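This is what each chain is made of:
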Amino acid sequence: MKRFIRTIASFAVIFAALAGQAADLTVFAAASLTDSLKQAAMDYAKHNGQKVVFNFGASSTLARQIEEGAPADIFFSADEAKMNGLEKKGLILPGTRKSRLSNSLVIVVAADSPLQLGSATNLTDAAIKRIALADPETVPAGIYSRAYLQKLHLWVAIEPKVVPTDNVRAALAAVESGNVEAGMVYKTDAAISKKVKVACEIPPAEGPDISYPIAVIKDSGQIDAAKAFLAYLNSNEAAKVFERYGFIVLK
Amino acid sequence: MNLLLQKISLPLASFVLEVDVEIRNRVVAIFGPSGAGKTSLLDLVAGLRRPQTAFIRFGDQVLTDTSRGVRVPARQRGIGYVPQDLALFPHLSVRQNLLYGRKPAGAADRLFSLEHITDVLEIQSLTARGVLDLSGGEKQRVALARALLTSPRLLLLDEPLAGLDTGLKAKILPYLARVRDEFKLPMLYVTHNPAEVSALCDEVLVMDRGRIISRSPASESTWLKQAEV
Amino acid sequence: MNAEAWQIVWFTAWVSILSTIVILPFGLAVAWLLARFEWPGKSLVETFVSLPLVMPPVATGLVLLQMFGRRGFIGGFLHKHFDLDVVFTWRGVLVALGVMSFPLLVRSARVAFEGVNPRLEQIARTLGAGNFRVFCTITLPLASRGIVGGILLAFARALGEFGATIMVAGNIPGKTTTLSLAIFQSVQLGQDPQAYRLLAVSVVLAFAAVWCSEWLLRGKKH
């Protein structure tokens, strides 16, 4: 019996070692980071062949999945609150958390839309029947948007028109499809879509404090590889990629 | 009756039903073994099946003429049909079954009134019952009455006594005779029992494998032997 | 359970009932045609009708989104001529539920119709009944048990619909949030007690509907 257990154990160790070798890194990241992160990962792979696999979605959904034990190595959230939640539960590797990027909000309309929106106040116009926002209850982009509209005392008038979506890219898609008259998304999202145009920009100074923190997940099976990729994302080379996509890199 | 069945052609399972006959007698038997196509022929006359080709005329009304795309729907043919399985509506009471084909105004002729028909067939006591409670013989009479209550101008009967034991056959036969005599309707009577032919019919058409192989007056005692070709 | 939760339950119940009512005449018509007639292209129709049953619900939802969106074939027409929106409204929920439960209704109804002896329908015609009267007085009553079973099955399916609904109608609180969408969102928000309460309600509803349906379908054999 003892020999049997030892044999199984050695197989397990070999298996784990094989599994640990050059395995893919899993990064859970906010939907708005889709294009820029994929580009950064491609560049990184050119350096050392490390393959990175992404799970893009609303930061709220991702945080929840991590809490339930989803196998993430790195979490790149669109707001501090989601990261705080994980940190409180002791799921973040101490010392790896850093607020990396910022963003700004814009109001978008379909590329062929005749509507003119000078400012957020125009969202209360009768011509705007439906506005797509990432779910203002949970998703960072929606939370930021609501905070801004509340600051301008417009939220009460606008709330009945809101179509909440799962994540910010879904809000973008809703505007692209023409099923809503307008939407509020990140400037970086509007930039990658040809089917929408920016009707109005919310200057970062007036808008909410947007902050994208990044951290290594404590239960990661590849702490070293994760730390290495994190270091890359915090590097100047990666900063250039993010800036190219319109993000603001925090110092 | 004056029923013309001309150029009838209907492919069946293993042969083609081909009939060309003019029927003038009032009560005519269609005699033959099972599978000869007798039921299919009745279905064609009633308008329940589409022939490949056919010219069917009853009296001076053309019921089916495939060459000119004429096909009077079954519901307008005024032909009463008592099928082999009786097809009584199981979810309706006897009374509802009987009155199903009845026009709202009722029968113009006292002959076809509910009272008279239920009297002739002795089913007055059954009207309130459900169809499934009836005995075999009772079901027969109800099916017969139901067809009669539409005031048909032609009656088709498909093996009305098949599946009944001899005692019951003997009991129902007089009712059929009564119907024949009281209502004086033209009847096409399908059977494979020679006794019924002799008892009820004026003429017999013998069918086998989709064709009429002989016809003769029912009174001629040799018709059966002639049929056994 | 709070008022908001009850609103979700009532909304889910009435839109499921309404969708079942809306698909009923079409479902019965298609089932009857499939049961009684042969025609070229029949198998194509059968396949089409079964698609929502077999395709991933979100895929069906995507197709509906394209068709009923403002730029879509049907949605564009409605938006332009009647100023009517389907996507992101309760009408979108209605469409999603109807389409997803349609195949179940057709299947059950078809089996029910096939169980009616066609001879009875034929004899009814010789007794002078037209097609509509035959259908109403003979076919439908005799198939009723199986049809009601099918209706309940379709209703239960509508109650539980998620994938197509979220695509076409989104999850707009108070407007398009159904029981399943609410459960999903409660889990998202980490509101587990609420999620379990809603789960319990949906299990009870679905259980009741399917149990009645099974009971009726079984009774048909007698």
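Residues numbered from 1 in each chain as written. Chains lettered and ligands numbered in written order. Predicted model: local features only at pLDDT ≥ 70, side-chain atom pairs only at ≥ 80, totals over all residues.

Undergrad: Just give me the short version of the overall build of chain A, but keep the residues and values in it.
TA: Within chain A, the secondary structure is distributed over 10 helices and 11 strands. Buried positions account for 48% of the 251 residues belonging to chain A. (Helix = DSSP H or I, 4+ residues; strand = E, 2+ residues; numbered from the N terminus. Buried ≥ 20, exposed ≤ 12 C-beta atoms within 10 Å, placed from the backbone.)

Undergrad: Describe the interface of chain C and chain A, and please don't skip the residues or the numbers.
TA: On the side of chain A, 12 residues touch chain C, which itself brings 11 residues to the contact. When its residues are assigned to classes, the side of chain C that touches chain A shows 4 nonpolar, 5 polar and 2 charged. (Contact = placed C-beta atoms within 7 Å. Nonpolar A, V, L, I, M, F, W, Y, C, P; charged D, E, K, R; others polar.)

Undergrad: How would you sum up the interface of chain C and chain B? Please name residues and give values.
TA: Each partner contributes residues to the interface: chain C has 14 residues there, and chain B has 15 residues. Of all elements in the fold, only helix 6 (118-126) and helix 7 (131-160) of chain C reach the threshold of two or more residues within the side of chain C that touches chain B. Looking at which element gives the most residues to the side of chain C that touches chain B, the answer is helix 6 of chain C, with 7 residues. Class assignment for the residues of the side of chain C that touches chain B results in 8 nonpolar, 4 polar and 2 charged.

Undergrad: I'd like to hear about helix 5 (residues 166-183) of chain B, residue by residue, with values.
TA: All names here are of chain B. Taking 1.5 Å as the rise per residue, helix 5 with 18 residues should run 26 Å; its terminal C-alpha atoms sit 26 Å apart, in good agreement. Along helix 5, the residues that are buried comprise L176, V179 and F183. Lining the buried residues of helix 5 we find helix 3 (114-120), helix 4 (136-148) and helix 6 (194-200). Among the residues trailing helix 5, K184 stands out with phi positive, at a value near 50 degrees. (Expected span 1.5 Å × (residues − 1).)

Undergrad: With reference to specific residues and values, describe the sheet that holds strand 6 (residues 131-134) of chain A.
TA: Remark on secondary structure: sheet strands pair via backbone hydrogen bonds, oriented parallel or antiparallel. Residue and element names in this part refer to chain A. If you walk across this open sheet you meet the 5 strands as 7-6-8-5-9, and the pairing is mixed. At either end of the open sheet lies a strand with only one pairing partner, and these are strand 7 (162-165) and strand 9 (196-201). Recorded for the sheet is a direction-independent mean angle of 35 degrees between the axes of neighbouring strands. Sheet analysis places strand 6 next to strand 7, joined by 4 bridges and oriented parallel. Along strand 7, the bridge assignment pairs I131 with V162. Strands in contact with helix 5 (residues 140-151) are strand 5 (105-110), strand 6, strand 7 and strand 8 (182-186); relative to strand 6, the strand with the most contacts, it is inclined by about 120 degrees. Running at roughly 145 degrees to strand 8, helix 7 (residues 168-177) makes contact with strand 5, strand 6, strand 7, strand 8 and strand 9 of the sheet. (Pairing = 2+ DSSP bridges. Axes fitted to C-alpha atoms, helices over the stretch in contact; angles between N-to-C directions.)

Undergrad: How would you sum up the arrangement of the chains? Please name residues and give values.
TA: Looking across the 2 pairs of chains in contact, one finds the most contacts between chains B and C. Where chain A comes nearest to chain B, the C-alpha atoms are still 52 Å apart, and the two do not contact one another.

Undergrad: Give me the lowdown on the domain arrangement of chain A, citing residues and values where you can.
TA: Residue and element names in this part refer to chain A. Examined at the domain level, chain A breaks down into domain 1 (2-102 + 211-249) and domain 2 (105-201). With centres defined by C-alpha atoms, the gap from domain 1 to domain 2 works out at 30 Å. Each side of the interface is counted separately: domain 1 has 14 residues, and domain 2 has 16 residues. Within the residue set of the side of domain 1 that touches domain 2, elements represented by two or more residues are helix 2 (34-48) and helix 3 (59-67). Taken together, the residues that form the side of domain 1 that touches domain 2 break down as 6 nonpolar, 6 polar and 2 charged. (Domains from an automatic or database assignment.)

Undergrad: Lay out the pairing of strand 6 of chain A with the relevant residues and their values.
TA: Residues and elements named next belong to chain A. Residues I131 and L133 line one face of strand 6 and the alternating positions A132 and A134 line the opposite face, and both faces are buried. When strand 6 meets strand 8, the two strands line up parallel, connected through 3 bridges. Residue A132 lies in a different strand from strand 8, and its bridge partner there is G183.

Undergrad: A description of unusual backbone geometry should follow, citing residues and the corresponding values.
TA: Residue and element names in this part refer to chain B. Of note in this structure, L86 is not a glycine but carries a positive phi near 70 degrees. Residue position: L86 is located in the loop between strand 7 (79-82) and helix 2 (94-99). Given 21 C-beta atoms within 10 Å, L86 falls into the buried group.

Undergrad: Any chance you could break down the environment of A:Y144 for me, citing the residues and the numbers?
TA: Residue and element names in this part refer to chain A. Along the polypeptide, Y144 turns up in helix 5. We classify Y144 as buried; it has 27 C-beta atoms within 10 Å. A C-alpha to C-alpha distance of 15 Å links Y144 and R169, two positions 25 residues apart in sequence. When residues no more than four places from it in sequence are discounted, the contact partners of Y144 are L105, P208 and I210.

Undergrad: Would you mind going over the sheet that holds strand 9 (residues 187-191) of chain B in detail, with residue names and values included?
TA: Residues and elements named next belong to chain B. Read across the open sheet, the 6 strands follow the order 7-8-9-3-10-11; overall the sheet is mixed. Unpaired on one side and paired on the other, strand 7 and strand 11 (211-217) mark the two borders of the sheet. Neighbour-to-neighbour, the strand axes of the sheet open up by a mean angle of 20 degrees, direction not taken into account. With 4 bridges joining them, strand 3 (residues 27-31) and strand 10 (residues 203-208) adopt parallel strand pairing. Looking at strand 10, one finds that V28 is bridged to E203. The strands that helix 4 touches are strand 7 and strand 8 (154-158); relative to strand 7, the one it contacts most, it runs at about 170 degrees.

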